[in-house]
Amino acid sequence: MAARDGDGWVECSCGSKHWGLHGAAGLLIYRDGAILLQHRAPWVHNGDTWGIPGGARDSHESVIDGAIREAVEETGIDPQQLTPRQTHNDNHGNWSYDTVIAEATSELVAHELNDESHEVRWVLFDDVTRLPLHPSFAKSWRDLRAKLDYLITPR
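Here we summarise the structure given alongside this text.

Quick word on the pattern of salt bridges
Following the criterion strictly, the structure yields 10 salt bridges and no others. With a closest N to O distance of 3.1 Å, Arg69 and Glu70 form a salt bridge. Each member of the pair, Arg69 as well as Glu70, is classed as buried. Taking the shortest distance from any N to any O, the salt bridge between Arg130 and Asp127 comes out at 2.8 Å. A residue is classified by how much of its surface remains accessible, and Arg130, at 67% relative accessible area, is exposed.

What follows is the structure, encoded as structure tokens:
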């Protein structure tokens, strides 16, 4: 994978180091009461945990474009099978992570595409917290779940 202008660590005002000179974005894909999760390889930051595909945004990318690019690179999904519905911003002041919540068609297929992943799998909403989650995803899951529930509730 080629180096991109967003690649690099940021010393965050929260006291942690985060990947992404221009912030980062991930894609929370859902359908039929489940989300697509990625089992991160042990060698990556916060490895051997489960989270959503995502990574550093480049300077020219929108949140949606960056999240979709990362998901395509990591899981081989076809973006034509997605409809972005909402975003969630975890703002740390000088760095932020944006989660794009997108609905998938039944035809969407995903698989681990590079060495950043051990596995990708559909996980029922209620089973997500049974997995060892990426720490930042774990902190955001309650808010993300509430947004998912709102999106799928018939009106």
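Describing the nonpolar core
Proteins that are soluble and globular tend to have nonpolar side chains buried together. In this structure, Leu28, Ile35, Leu37, Val128, Phe137, Trp141 and Leu148 are the most contacted members of the largest nonpolar core, which totals 16 residues. Sorting the residues of this core by element identifies strand S3 (24–31), strand S4 (34–40) and helix H2 (135–152) as the ones contributing at least two each. Ranked by the residues each element gives to this core, the list is headed by H2, at four residues. Leu36, Ala67, Ile68 and Leu82 belong to the second largest nonpolar core, which has 15 residues in total.

Focus: the environment of Leu28
Note on placement: Leu28 falls in strand S3. Each C-alpha atom, one on Leu28 and one on Gln86, is 9.9 Å from the other, the two residues being 58 residues apart in sequence. With residues up to four places along the chain from it excluded, the contact list for Leu28 reads Ile35, Ile52, Thr99, Val100, Ile101, Ala102, Phe137, Leu144 and Leu148.

Considerations on the pairing of strand S7 (residues 82–91)
The side chains of a regular strand alternate, residue by residue, between the two faces of the sheet. Sheet analysis places S7 next to strand S8 (residues 96–104), joined by nine bridges and oriented antiparallel. Bridging across to S8, Asn89 finds its partner in Asp98.

So, how was this worked out
- Residues numbered from 1 in each chain as written.
- Predicted model: local features only at pLDDT ≥ 70, side-chain atom pairs only at ≥ 80, totals over all residues.
- Heavy atoms only, no water.
- Salt bridge = Lys/Arg side-chain N within 4 Å of Asp/Glu carboxyl O.
- Buried < 20%, exposed > 50% of the residue type's maximum accessible area, 1.4 Å probe, protein only.
- Core = buried A, V, L, I, M, F, W, Y, C linked by side-chain atoms within 4.5 Å.
- Helix = DSSP H or I, 4+ residues; strand = E, 2+ residues; numbered from the N terminus.
- Contact = heavy atoms within 4.5 Å.
- Pairing = 2+ DSSP bridges.

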